[in-house]
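Structural features, examined
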Amino acid sequence: MKLENSDLIEINDEISTEFEAAKILREYPKDTVILNNIKGYDIPVVSGICNTRDKIANSINCEVAEITEKIIEAIDNPIKVDKFIDFSDYETSDADLDKIPILTHYKRDGGPYITAGVVFARDPKTGVENASIHRMMVLDNKRLAIRIVPRNLYTYFQNAQSEGRDLDIAIAIGMDPAILLASTTSIPIDYSEMDVANTFKNSELELIKTSSGINVPKADIIFEGKISVTETVAEGPFVDLTDTYDIIRDQPVITLSKMHIIKDNPVYHAIIPAGFEHKLLQGLPQEPRIYKAVKNAVPTVETVVLTEGGCCWLHAAISINKQTEGDGKNAIMAALSAHPSLKHAVVVDTDVDVFDPQDVEYAVATRVKADKDIMIVPNVRGSSLDPVAESDGTTTKMGIDATKSFKNIEKFERVSFGE
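We now turn to the structure provided with this report. This is a predicted model, so every value here is computed, not measured.

Cut-offs and rules
- Residues numbered from 1 in each chain as written.
- Predicted model: local features only at pLDDT ≥ 70, side-chain atom pairs only at ≥ 80, totals over all residues.
- Heavy atoms only, no water.
- Helix = DSSP H or I, 4+ residues; strand = E, 2+ residues; numbered from the N terminus.
- Rg over C-alpha atoms; globule rule 2.2 N^0.38 Å.
- Buried < 20%, exposed > 50% of the residue type's maximum accessible area, 1.4 Å probe, protein only.
- Contact = heavy atoms within 4.5 Å.
- Areas by Shrake-Rupley, 256 points an atom, 1.4 Å probe, with all protein chains shown as cover.
- Lys, Arg positive; Asp, Glu negative; His and termini not counted.
- Charge placed at Lys NZ, Arg CZ, Asp CG, Glu CD.
- Pairing = 2+ DSSP bridges.
- Axes fitted to C-alpha atoms, helices over the stretch in contact; angles between N-to-C directions.
- Left-handed = near helix turned anticlockwise from the far one by under 90°.
- Disulfide = S-S within 2.5 Å.
- Right-handed = clockwise from strand over helix to strand, strands pointing away.

Examining the overall build of the protein chain
What the protein chain contains, in helices and strands, is eleven helices and 23 strands. Taking 419 residues into account, the globule formula puts the C-alpha radius of gyration at 22 Å, and the protein chain, at 22 Å, falls close to it. Summarising its shape, the C-alpha atoms of the protein chain cover approximately 70 × 50 × 45 Å along the three principal directions. Among the 419 residues that make up the protein chain, the fraction classed as buried is 55%. The contacts of the protein chain with a sequence gap of at least 6 include a subset with a gap of at least 24, amounting to 69%. Accessible surface computed for the protein chain: about 18700 Å², of which carbon and sulfur atoms make up 47%. Charged side chains in the protein chain number 44 positive and 66 negative. The centres of these two groups are separated by 4 Å.

In structure tokens:
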């Protein structure tokens, strides 16, 4: 992983992986920090490589306001990877998690957790490869418990179960933010996230073939192993996006076989649970899906943002170039349907900066009449991460139309935007 020294905060004090490292990293929520002296380990810990929209935009060569457009372009025009390298730049050995500075973040955690590990797998039925970030709890020096939600990897896992054989995987830690972003995008199950990453990287992405034939990009640490289709263990507790503990579940077990550590200054990437890096990587790739849905209803939509204050998951701010009365409410309904976990949506005009919470609040304060501009939708599917959702996942959603009314529109014009 290439780190720009000018952007780094380096800490050289000896630091423990148990609670202490996470505590220090939380003190720098939007900085890139490297902990150079981890007690008992030779590998430093880095965090915060993509904890701001500016860093993510820089990784894919665009402005912050262009991130959604750039993701959509890459998803719609994936470029098949045609460059391959081998493990000659790596030290290869039997897998041993005891040699990796995996952090324990909070006192009620189920154990140390890998939080920035991208899992690579191949569908046993179709041969299509998938990359996705998963939390993985350390069980011993060769085994992990992996949290799998019903998405592509879960489908691959089910297909492996139906064939009665464990699922070959690789885990890559310490990669370019553009590759991490591609790994979190929502794409059809017959697409490869690495082809999306290759578009971000202007066709320069290189892959390495593991012993099981799975292709992974260059990373500081790469593991090879299998997900058992029969063995499960209790996974958790773990702090999720909402800075609250997720429940304990029985989850599959990974058994690792090989470990490849890059020879040239390896670092271990740790994402702090509920930190900005966690929120942005999980939530930001959902913005294109919401944008597309809103555009179908309101073609003049400008920007969709899942806000950091809403954990990049539960709250959206949407700007539209309003053409008719009712556009705001149509945008709300489309957004709430596109991202089922979305709980509250605010729609504003284009003179409001959706990246500025203060500006969005201004629109709510000056352009909302509660009895006609607020929509309440009870008894709908919500997010399992929402602490106020019912046990079956249902919740109440709200939309706020904070756009200017065309009646007496001159009353809403902002003087500071004038000539």
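Considering the pairing of strand S17 (residues 249–262)
A regular strand carries its side chains on alternate faces of the sheet. Most of S17 is tucked away, with ten of its 14 residues classed as buried. Sheet topology note: the strand S5 (residues 90–94)/S17 ladder contains five bridges and is antiparallel. By the bridge assignment for S17, threonine 92 is matched with histidine 260. One ladder, built from three bridges, connects strand S10 (residues 143–146) with S17; its direction is antiparallel. By the bridge assignment, alanine 145 is partnered in S17 with valine 253.

Observations regarding the packing of helix H8 (residues 287–297) against helix H9 (residues 327–338)
Working note: a packed helix pair is described by the angle between its axes plus the distance between those axes. Here H8 crosses H9 at 145°, and the two axes come no closer than 8 Å. Crossing hand, H8 versus H9: right-handed. Along the contact surface, H8 presents Arg289, Ile290, Ala293, Val294 and Ala297, while H9 presents Asn330, Ala331, Ala334, Ala335 and Ala338.

Some words on the environment of valine 305
Along the chain, valine 305 falls in strand S19 (residues 301–306). As a C-alpha pair, valine 305 and lysine 83 span 222 residues in sequence and 34 Å in three-dimensional space. Among all residues touching valine 305, those that are not within four sequence positions of it are Arg53, Glu287, His315, Ala316, Ala317, Val354 and Phe355.

Observations concerning the state of the cysteines
Where two cysteines share a covalent bond between their sulfur atoms, that bond is called a disulfide. Counted by the stated rule, this structure contains zero disulfides. Counting only cysteine sulfurs, cysteine 311 is the nearest neighbor of cysteine 312, a cysteine outside any disulfide, at a range of 7.9 Å. What makes cysteine 312 buried here is its relative accessible area of 0%.

Quick look at the pairing of strand S21 (residues 344–349)
Burial within S21 is extensive, with five of its six residues counted as buried. Here six bridges tie strand S20 (residues 315–320) to S21, and the two strands are oriented parallel to one another. Directly across from isoleucine 318, in S21, lies its bridge partner valine 347. Crossover S20 to S21 through H9 is right-handed. Relative to strand S23 (residues 394–402), S21 runs parallel, the two being bridged by five bridges. For valine 346, the partnering residue across the bridge sits in S23 and is isoleucine 400.

Fair warning: the whole summary comes from geometry, so function is off the table for now.
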